[in-house]
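Inside the fold
Listed here are the chains, written in short residue letters.
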Amino acid sequence: MSFTMNDLALLLIALIVGWLLGLMMSGRGKYKRLWRDEQIAHRTVLKERDGAIRERDARIEAANARIAELERHSGPIGPGTATAVGGAVHGRDDLSRITGLTQAQEVALNEAGYHRYGQIAGLSAEQEAMLEARLGLKPGTIAHEDWRGQARSLERGDKPGLLGRLTGSA
């Protein structure tokens, strides 16, 4: 079989075109390396995400176990708790904003049926004495700390404080 010059030229052109296409497609492994690197990065992100999910689930499980433990150790609901919860649900004022009144005293006031600033502002001397005894305060404490005046100010929307008392605006 003999090749003519035209056949050899066409064969040489086909070989050169094939060689160029091969170089373009291979990229000397560059794209294969990039693909592999992307797969590794993807696997790493998935492992980190799964680890974060496991950690979150462990924290949630620990929190639920702690809640269950606290529920087991908590005592029965005491008298007056339903009244306090009812006051919270049906709207009540934050009585602890009255200077001299602690959170525990606010709960005791709620249990006694006092939920609004207007109720504190309208206390009579007899009711004050009863509340002082109930809260374990010295006689005259409510009048001395001016709970009624503070409650009136809070009911109007004024901000209680030393400046308000000094200027007489509260």
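In what follows, the accompanying structure is described. In this text the structure is predicted, and so the values were computed from the model without any measurement. (Residues numbered from 1 in each chain as written. Predicted model: local features only at pLDDT ≥ 70, side-chain atom pairs only at ≥ 80, totals over all residues. Heavy atoms only, no water.)

**Some details on the overall build of the protein**
What counts, and what does not: In this text, helices come from DSSP runs of H or I with a minimum length of four residues, and strands from runs of E with a minimum of two, each type numbered from the N-terminal end. Only protein chains enter the calculation, and the probe is 1.4 Å; a residue is then buried if its accessible area is under 20% of its type maximum, exposed if over 50%, and partly exposed in between. By definition in these notes, contact holds between two residues if any of their heavy atoms fall within 4.5 Å.
Secondary structure assignment for the protein yields 9 helices and 0 strands. Secondary structure elements of the protein, listed N to C terminal, follow the sequence α-α-α-α-α-α-α-α-α. Put simply, the protein has 170 residues, and 18% of those count as buried. The long-range fraction of contacts in the protein, counting pairs at least 24 apart against all pairs at least 6 apart in sequence, stands at 46%.

**Let's talk about the pattern of salt bridges**
Side chains that differ in charge, positive against negative, can pair when their charged atoms come close. So the rule is basically this: Here, a salt bridge means any side-chain nitrogen of Lys or Arg that lies within 4 Å of a carboxyl oxygen of Asp or Glu.
The tally for this structure, following the rule as stated, stands at 6 salt bridges. The closest approach of N and O atoms between Glu55 and Arg59, which form a salt bridge, is 3.1 Å. Of the two residues, Glu55 and Arg59 both sit in helix 2 (residues 30–73), 4 residues apart, roughly one turn of that helix. The class for Arg59 is exposed, based on a relative accessible area of 52%. In this structure, the salt-bridge partner of Glu128 is Arg148, at a minimum N-O distance of 2.7 Å. Of the two residues, Glu128 sits in helix 6 (residues 125–135) while Arg148 sits in helix 8 (residues 147–156), which places them 20 residues apart along the sequence. We classify Glu128 as buried; its relative accessible area is 7%. Arg148 sits in the partly exposed class, given a relative accessible area of 30%.

**Here we look at the packing of helix 4 (residues 103–111) against helix 6**
Two quantities define a packed helix pair, namely the angle between the axes and the distance from one axis to the other. Applied cut-off: For every element, the axis is a line fit to its C-alpha atoms; helices are fit only across the contacting stretch, and the angle between N-to-C directions ranges from 0 to 180 degrees. Roughly parallel refers to an angle under 35 degrees, roughly antiparallel to one over 145, roughly perpendicular to one between 65 and 115, and oblique to any angle outside these ranges. Left-handed describes a crossing whose near helix is turned anticlockwise from the far helix by less than a right angle; the clockwise case is right-handed. Here the term charged refers only to Asp, Glu, Lys and Arg, the term nonpolar to Ala, Val, Leu, Ile, Met, Phe, Trp, Tyr, Cys and Pro, and the term polar to all other amino acids, Gly among them.
At a closest axis distance of 10 Å, the pairing of helix 4 and helix 6 adopts a crossing angle of 125 degrees. What the angle tells us is that helix 4 and helix 6 run oblique. Note on packing geometry: the crossing formed by helix 4 with helix 6 is right-handed. Note on element contacts: helix 6 touches helix 4 through Leu131, Arg134 and Leu135, opposite Gln105, Ala108, Leu109 and Glu111. Looking at the contact of helix 4 with helix 6, its residues break down into 4 nonpolar, 1 polar and 2 charged.

**Brief notes about a positive patch on the surface**
Under the convention used in this document: Only residues above 30% relative accessible area that lack a salt bridge enter a patch, with like-charged residues linked at up to 9 Å and the nonpolar side chains Val, Leu, Ile, Met, Phe, Trp and Tyr linked at up to 5 Å. Per-residue and other accessible areas were derived by the Shrake-Rupley procedure at a 1.4 Å probe size, with only the shown protein chains allowed to occlude residues. The sign given to each residue is positive for Lys and Arg and negative for Asp and Glu; His and the chain ends receive no count. Note that the charge is assigned to NZ on lysines, CZ on arginines, CG on aspartates and CD on glutamates.
A cluster of basic residues, Lys30, Lys32, Arg33 and Arg36, forms a positive patch at the surface. Assignment of secondary structure puts Lys32 in helix 2. Taking the relative accessible area as the measure of exposure, Lys32 reaches 60% and is therefore exposed.

**Observations regarding the environment of Glu106**
Assignment of secondary structure puts Glu106 in helix 4. Note on Glu106: relative accessible area 3%, which makes it buried. Here the alpha-carbon distance between Glu106 and Leu135, two residues 29 residues apart in the chain, equals 9.5 Å. The residues contacting Glu106, other than those within four sequence positions of it, are Arg92, Asp93, Asp94, Leu95, Ser96 and Leu101.

**Things to note about unusual backbone geometry**
Of note, the phi angle at Asp146 is positive, near 55 degrees, even though the residue is not glycine. Within the element layout of this structure, Asp146 appears in the loop between helix 7 (141–144) and helix 8.

**Re the nonpolar core**
Selection rule: Only buried residues count toward a nonpolar core, which is a set of Ala, Val, Leu, Ile, Met, Phe, Trp, Tyr and Cys residues joined through side-chain atoms within 4.5 Å.
Residues Ile98, Leu109, Ile120 and Trp147 are the most contacted members of the largest nonpolar core, which totals 16 residues. For this core, the secondary structure elements donating two or more residues are helix 4, helix 5 (117–121), helix 6 and helix 8. The contact partners of Ile120, leaving out residues within four places of it in the chain, are Leu95, Ile98, Leu109, Tyr114, Trp147, Arg148 and Ala151.

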